[in-house]
Amino acid sequence: MRVRNSRTAAPAVRRRTVLKAALAAVASPSLVPSLVLGGHAPSNRINVGFLGAGNQSRVELPSMLRLDDVQVVAICDVNKGSYGYARPEHFLGRDPVCEQANAFYAKKLGVGTYNGCAAYADFRDVLARNDVDAVMIVTPDHWHAIMTVMAAEAGKDIYCQKPMTLTVDEGHAMIDAVRRHGRVFQTGSQYRSHAAVRRVCELVRNGRVGQVRRVVSFVPGAPVGPGPGWEPAPVHDGFDYDLWLGPAPEAPYHEDRCLYRFRFILDYSGGQVTNTGAHSNDIVQWALGTDDTGPVEFEDQGAVWPPEGHLFNTAVRTHFRARYANGIELICKTHDPSFGGRFEGTEGWLQYAWREVTSEPESLKDSVLGPDELHLPVSDNHYRNFVDAVKSREDPIEPVEVGHRTTTLCHLGNIAMLLGRKVPWDPATQSCPNDPEAESMLQRPYRAPWRLTG
Ligand SMILES: NC(=O)c1ccc[n+]([C@@H]2O[C@H](COP(=O)([O-])OP(=O)(O)OC[C@H]3O[C@@H](n4cnc5c(N)ncnc54)[C@H](O)[C@@H]3O)[C@@H](O)[C@H]2O)c1
């Protein structure tokens, strides 16, 4: 079993803003109206900071604002605002998102202005605030591990977006940091908190399709981005490109490299396999009851890659096959519908796709579960589930180990597709037996000074 006692030695959390934050708290209305803000005493309220305020913050911010016992006190993004970007409503940035939070609280309190939520350019300044209990990590994937480890070290609980990691080895470091520092961690795979998904997983677990033979996991196709001869562009005003790159390799700036589109470049993400695949394959893992393990073999099935010279370099069409130790075959591929999966067994099949459940025979999907059958843990709101866990100090519905296993499955699929061949995987030792080439792809070097150390 490989042992990875990781401790981040990334640039130290800076303390200089603690005083600034304390003064801001005194001046801000956040101390005053705790009872007005949902009737929760300050001791009962969770102060939350956002690390990353781009596309997905459109979902995450309102979801957290809606919780009466949460107070969003900090919004951090290396992007000041979306001004100048092609689709500003899409890419947001720290100032517009912070304004949204303050406007929400002003309305809730019935006051003209509210400024208890502060904007930050550097996430270390949020981690340095003693009054921040938890962080929402909504940055590109190449930041998830470093931010998680540093947040755990700073004593924060963590809601981290899927895909949990950029590499398999980062998952070990995140698990280690979360457990060593006694933090609560929720992976942002919110379909675990959807009733229809839970029901599909329960039906599969209780044998309604008979013995599962094959699972097909759906993902979308991916774009190729700017073509050969694309030119680097000047960095937009108010955008700290160096801090956006962080641990990723030095690279010339292009708008299509960063906001939202980073997911199609391997330096920052894994394409649709780790994007939508982190959801679809997470449902597979839950339905098969394999949250603490994974397939034992992965094989490329003819994935298609962007032509030479394009900025994007993740699979345009995903197609890999994996095999679990019990013989169940998993096919993950570009498909229409492009999200969800089909569980095929000896007695029929059951499909979940974009919230729609279908089956053969049709009656299968309406099958009623008896009280003595296996029932999965219930969460109907992923954010509520996280905040409840922060309070109870119990694990939420998708703790760090589970997120790690799902993301590992996605990464191994990518590795097999990149190598264009079969890759062995030992889920017990979390290594690629007798395959040093694949093994070497379980981690990546970080650009200095960023690092996760052992
Ligand atoms: N759960 C879901 O259904 C879901 C949906 C969409 C995205 N996501 C995930 O959310 C994450 C963000 O995706 P997105 O679509 O919002 O991308 P995005 O590019 O629109 O937003 C990411 C934001 O993070 C900021 N950022 C980058 N480095 C930073 C740093 N060092 N400090 C602070 N901010 C930094 C960027 O400037 C950007 O505004 C990804 O991991 C993605 O997979 C999850």
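Rules used throughout
Residues numbered from 1 in each chain as written. Predicted model: local features only at pLDDT ≥ 70, side-chain atom pairs only at ≥ 80, totals over all residues. Heavy atoms only, no water. Pairing = 2+ DSSP bridges. Helix = DSSP H or I, 4+ residues; strand = E, 2+ residues; numbered from the N terminus. Axes fitted to C-alpha atoms, helices over the stretch in contact; angles between N-to-C directions. Contact = heavy atoms within 4.5 Å. Near = heavy atom within 4 Å. Polar contact = N/O pair within 3.5 Å; in protein donor to acceptor, adjacent residues only side chain to side chain. Areas by Shrake-Rupley, 256 points an atom, 1.4 Å probe, with all protein chains shown as cover. Nonpolar A, V, L, I, M, F, W, Y, C, P; charged D, E, K, R; others polar. Domains from an automatic or database assignment. Buried < 20%, exposed > 50% of the residue type's maximum accessible area, 1.4 Å probe, protein only.

A. Layout of the sheet that holds strand β13 (residues 348-353). The strand order across the open sheet formed by eight strands is β14-β13-β12-β8-β11-β10-β9-β15, and the pairing between neighbours is mixed. Only two strands of the sheet have a single partner each, and these edge strands are β14 (356-360) and β15 (422-424). Averaged over all pairs of adjacent strands, the angle between their axes in this sheet comes to 15 degrees, without regard to strand direction. Across six bridges, the pairing between strand β8 (residues 212-219) and strand β11 (residues 329-334) is parallel. Bridged to S217 within β11 is C332. Its contacts with the sheet put helix α10 (residues 277-288) on β8, β11, β12 (340-345) and β13, and the angle it makes with β8 is roughly 160 degrees. Sheet contacts for helix α12 (residues 400-419): β9 (297-300), β10 (319-323), β11 and β15; angle to β9, the most-contacted strand, approximately 40 degrees.

B. View of the site of the ligand. Around the ligand, the surrounding shell holds 29 residues, and the nearest of these are N55, Q56, D77, D141 and Y260. In this structure, an oxygen atom belonging to the ligand sits 2.9 Å away from a main-chain N or O atom of K162. With the chains in place, 96% of the 840 Å² that the ligand exposes on its own is no longer accessible. Looking at the shell around the ligand, the elements that each hand over two or more residues are α6 (144-153) and α9 (241-245). Along the lines of polarity and charge, the residues of the shell around the ligand split into 14 nonpolar, 11 polar and four charged. When residues are assigned to domains, the shell around the ligand turns out to be shared by domain 1 (7-192) and domain 2 (194-375 + 400-453), each giving three or more.

C. Molecular detail of the environment of Q161. For Q161, the position within the fold is in strand β6 (residues 157-161). Q161 sits 25 residues away from Q186 along the chain, and the two C-alpha atoms are 8.4 Å apart. The residues contacting Q161, other than those within four sequence positions of it, are Q56, E60, I137, V138, H144 and G188.

D. Here's a closer look at the environment of R321. Here R321 shows up in strand β10. Linking R321 and Q301, residues 20 residues apart in sequence, is a C-alpha distance of 6.5 Å. For R321, the contacting residues outside a window of four places in its chain are E297, F298, E299, Q301, E329, L330 and I331. At 2.9 Å, the side chain of R321 forms a polar contact with the side chain of E329.

E. Spatial organisation of the environment of I146. Along the chain, the position of I146 falls in helix α6. The spacing of I146 and A173 is 27 residues in sequence and 9.0 Å in space, taken between C-alpha atoms.

F. Molecular detail of helix α8 (residues 195-205). V197, R198, V200, C201, E202, L203 and V204 are the residues of α8 that are buried. Remark: G207 follows α8 within two positions and exhibits a positive phi of approximately 75 degrees.

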